[in-house]
2 protein chains.
Amino acid sequence: MAAIYNRVALIGLGLIASSMAHAMRAEGLAAEIVGYARSAETRATVRELGFCDRVTDTAAEAVAGADLVVLAVPVGAMGALAEEIAPHLAPGAMVTDVGSVKQAVIAAVVPHIPAGVHFIAGHPLAGTEHSGPRSGFATLFRNRWWLLTPAEDADPVALARLRALCEGMGANVDVMDAPHHDLVLAVTSHTPHLIAYTMVGVADDLRRVTDSEVIRYSAAGFRDFTRIAASDPTMWRDVFLTNKEATLDILGRFTEELFALQRAIRLGDGDHLHKYFTRTRAIRRGIIEAGQDTSAPDFGRSGTTAAPGA
Amino acid sequence: MAAIYNRVALIGLGLIASSMAHAMRAEGLAAEIVGYARSAETRATVRELGFCDRVTDTAAEAVAGADLVVLAVPVGAMGALAEEIAPHLAPGAMVTDVGSVKQAVIAAVVPHIPAGVHFIAGHPLAGTEHSGPRSGFATLFRNRWWLLTPAEDADPVALARLRALCEGMGANVDVMDAPHHDLVLAVTSHTPHLIAYTMVGVADDLRRVTDSEVIRYSAAGFRDFTRIAASDPTMWRDVFLTNKEATLDILGRFTEELFALQRAIRLGDGDHLHKYFTRTRAIRRGIIEAGQDTSAPDFGRSGTTAAPGA
Ligand SMILES: NC(=O)c1ccc[n+]([C@@H]2O[C@H](COP(=O)([O-])OP(=O)(O)OC[C@H]3O[C@@H](n4cnc5c(N)ncnc54)[C@H](OP(=O)(O)O)[C@@H]3O)[C@@H](O)[C@H]2O)c1
Ligand SMILES: NC(=O)c1ccc[n+]([C@@H]2O[C@H](COP(=O)([O-])OP(=O)(O)OC[C@H]3O[C@@H](n4cnc5c(N)ncnc54)[C@H](OP(=O)(O)O)[C@@H]3O)[C@@H](O)[C@H]2O)c1
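For clarity, every value in this text was computed on a predicted model and none was experimentally measured.

(A) Region of interest: the site of ligand 2. Taken together, 29 residues lie around ligand 2, and Arg38(B), Ser39(B), Thr42(B), Val73(B) and Ser100(B) are the ones closest in. Looking at the residues close to ligand 2, they fall on chains A and B. Between ligand 2 and Ser100(B), the relevant distance is 2.6 Å, taken from an oxygen atom to a side-chain nitrogen or oxygen of the residue. Among the residues making up the shell around ligand 2, the classes are represented as 16 nonpolar, 12 polar and one charged.

(B) Examining the domain arrangement of chain A more closely. Residue and element names in this part refer to chain A. Here the domain parsing of chain A yields domain 1 (5-176) and domain 2 (180-289). Taking the mean C-alpha position of each, domain 1 and domain 2 sit 31 Å from one another. Each partner contributes to the interface: domain 1 provides 16 residues, whereas domain 2 provides 15 residues. Summing both sides of the interface, domain 1 and domain 2 together bury roughly 1,200 Å²; the carbon and sulfur share of this comes to 67%. For domain 1, the biggest contributors to the area lost against domain 2 are Ser 100, Val 101 and Glu 129; these three give 40% of the whole. For the pair domain 1 and domain 2, the number of links is zero salt bridges. On the surface where domain 1 and domain 2 come into contact, there are five residue pairs in polar contact (both at pLDDT 80 or more). Contributing elements (two or more residues each) for the side of domain 1 that touches domain 2: α5 (103-109) and β7 (145-149). Residues belonging to the side of domain 1 that touches domain 2 are distributed by class as follows: eight nonpolar, six polar and two charged.

(C) Layout of helix α2 (residues 40-49) of chain B. All names here are of chain B. Taken together, the buried positions of α2 are Thr 42, Arg 43, Thr 45 and Val 46. End-on, the buried residues of α2 take up no more than an arc of 160 degrees, which puts them together on one face. In α2, the exposed positions angled more than 90 degrees off the buried face are occupied by Ala 40, Glu 41 and Glu 48. Here the buried face of α2 lies against β2 (30-36) and β3 (54-55). Taken from the residues just after α2, Gly 50 is the one with a positive phi, measuring 75 degrees.

(D) Seen up close, the relation of the copies chain A and chain B. Once chain A has been moved 0.0 Å along the axis and rotated by 180 degrees, it coincides with chain B to within an RMSD of 0.0 Å. On this basis, the relationship between the two copies can be described by a two-fold rotation axis. A share of 100% of the interface residues of chain A reappears at the interface of chain B, consistent with the copies meeting face to face through the same patch.

(E) Structural detail: the environment of Glu256(A). All names here are of chain A. Turning to its location among the elements, Glu 256 is positioned in helix α11 (residues 244-267). Assessed through its relative accessible area of 61%, Glu 256 is described here as exposed. Each C-alpha atom, one on Glu 256 and one on His 193, is 18 Å from the other, the two residues being 63 residues apart in sequence.

(F) Inspection of the sheet that holds strand β1 (residues 5-11) of chain A at higher detail. All names here are of chain A. Pairing is mixed across the open sheet formed by eight strands, whose spatial order is β3-β2-β1-β4-β5-β6-β7-β8. Each edge of the open sheet is held by one strand with a lone partner, namely β3 (54-55) and β8 (172-175). Along the sheet face, helix α4 (residues 78-85) touches β1, β4 (68-71) and β5 (94-97) and points at about 150 degrees away from the line of β4.

Thresholds applied
- Residues numbered from 1 in each chain as written.
- Chains lettered and ligands numbered in written order.
- Predicted model: local features only at pLDDT ≥ 70, side-chain atom pairs only at ≥ 80, totals over all residues.
- Heavy atoms only, no water.
- Near = heavy atom within 4 Å.
- Polar contact = N/O pair within 3.5 Å; in protein donor to acceptor, adjacent residues only side chain to side chain.
- Nonpolar A, V, L, I, M, F, W, Y, C, P; charged D, E, K, R; others polar.
- Domains from an automatic or database assignment.
- Contact = heavy atoms within 4.5 Å.
- Buried area = accessible area lost by both parts, 1.4 Å probe.
- Salt bridge = Lys/Arg side-chain N within 4 Å of Asp/Glu carboxyl O.
- Helix = DSSP H or I, 4+ residues; strand = E, 2+ residues; numbered from the N terminus.
- Buried < 20%, exposed > 50% of the residue type's maximum accessible area, 1.4 Å probe, protein only.
- Arc of directions from axis to C-beta.
- Least-squares fit on C-alpha atoms with pLDDT ≥ 70 in both.
- Pairing = 2+ DSSP bridges.
- Axes fitted to C-alpha atoms, helices over the stretch in contact; angles between N-to-C directions.

Okay, structure coming up:
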């Protein structure tokens, strides 16, 4: 494919940025990839791994002359980073981010964007529980969604170019407004993560069930929770602090419904439980039909043949 | 391998029983496999699939002359089934079950077991979200735990034979008492399932987030929940009704911890969140080290390369 951007600056060189570098290289989407990370250690690692053409020692150097700048740091760090790079951005450049929350990032970044520079916030719905520059791989975004939340007055040509980059890395792009993004993600990702963290924490606390037993017999629902709950603590702290309202809203509904089910268990109301569980099955079928997962009995996992049991 | 039992009767012919039949056949563990299921439809399907040597039209016929009888129906149906087959059990036969709850099954079944017949309750920690006779496969139990909860006065020779069968199907066997089993499973499986059902129910309820969006953007934590929440409603209703105490106990702790995290979000207490999320990471590492899952960045899933994102 022809390069879509001439020089891409990746600021933050963790899972997402390194996966972008691998994907852009594999598809020839950027003529040059420049990287910067906060710590000398990460910069040294990336120089050794070689997925950037150059690694600079300051964010300012990295963004100089770049026609695309990608902010790929935790959500809470975006504002300070935008302030730092702002004076060094090239006229006409596009700035985007990959943060998991959109309203807070837009509020923190936009005030620093100089006139003549474009900013369009984005969020790839792809990740693993691993982090850091060694965890990236070229196919991370393939067949995953990349949500873009441009302002109403965003430049259509600049948007089309950014969309082409995301699609070039294998993603499907959808455009929506930021508040809606944050609500949808609170439902599909943020609240589920908080719940998984909580359940794993409860298991860890429980002295009557020894640690080794929880681990030994985890092949049953709980295992999926531990995978979710292994994600980066800083990233997730920032997600909850910055998508506070939507998360608290969904959590409120969650506890309401949980109490109703809890009450049904206490009262022995089997009909209530059976109806509820029957309803939730349909959503799963929808996901399989939408091609977001496989219905193979081993859940498409190679290596292990079985999964949730009871 | 030499046959461990001469005639095995499988009562209930769903996921677990059909997987047992496939596994016993593959390893030559039973000289003859006889099956019975409640509905004529399931019996016809099994006759067509051919994984039993014979399918009988009554449970009584199936257990006649069997030296192993496996109760593989929902937990709530075990007692009535035991009562029905009791007069037809061969002297010296072993009766076991595969139910996900143990104290309630033991309480329902034991009173019907005639003198001279052994009963040892069991539970394979293996399953998928699929059910019915077509969903079974020979490797379901491979490298999975099979927990046995014998009474204190259980016959050691009969126990050793049952253990050999489970191991012959590829499982690792552990012996524990029934109350402990029910508590461990409440933590590692039953409560996580209830939580997953609840979260999927909340998403389904939410009219501001359209169904199609929840499904479209589900590649992020939530997807794992929907898989769990697709499990058989009858089986899970029975699990919660019969492992009531332990589930309510763990649920109580869960909501306590969830409220603490919710409060931290509301107050913007990032330290609390970060500490909590750091702690839960360790349990995940333990699971990977215990060989219960893979640390591959695609979670060992073939076909899809990415999973939880934010
Ligand atoms: N992981 C996912 O599942 C996922 C999915 C979609 C979107 N996202 C979003 O993508 C962004 C990056 O996530 P990631 O998974 O790539 O993270 P990661 O692997 O942990 O990498 C984070 C990078 O940000 C840098 N960084 C951390 N704190 C910083 C700070 N206070 N100031 C400046 N730089 C800082 C780190 O620098 P050092 O290496 O020098 O410490 C590292 O290079 C986050 O906003 C996250 O919400 C993540
Ligand atoms: N699935 C799992 O993940 C898993 C894991 C470990 C243990 N278990 C336990 O294994 C047992 C069987 O589960 P499964 O997954 O094999 O279930 P399944 O695929 O749904 O099959 C259940 C079987 O039980 C029969 N049955 C249902 N209700 C009955 C009733 N009231 N009276 C008599 N027979 C009845 C069904 O007969 P028809 O086909 O004629 O309706 C069917 O043959 C349950 O106790 C469950 O707790 C399940």
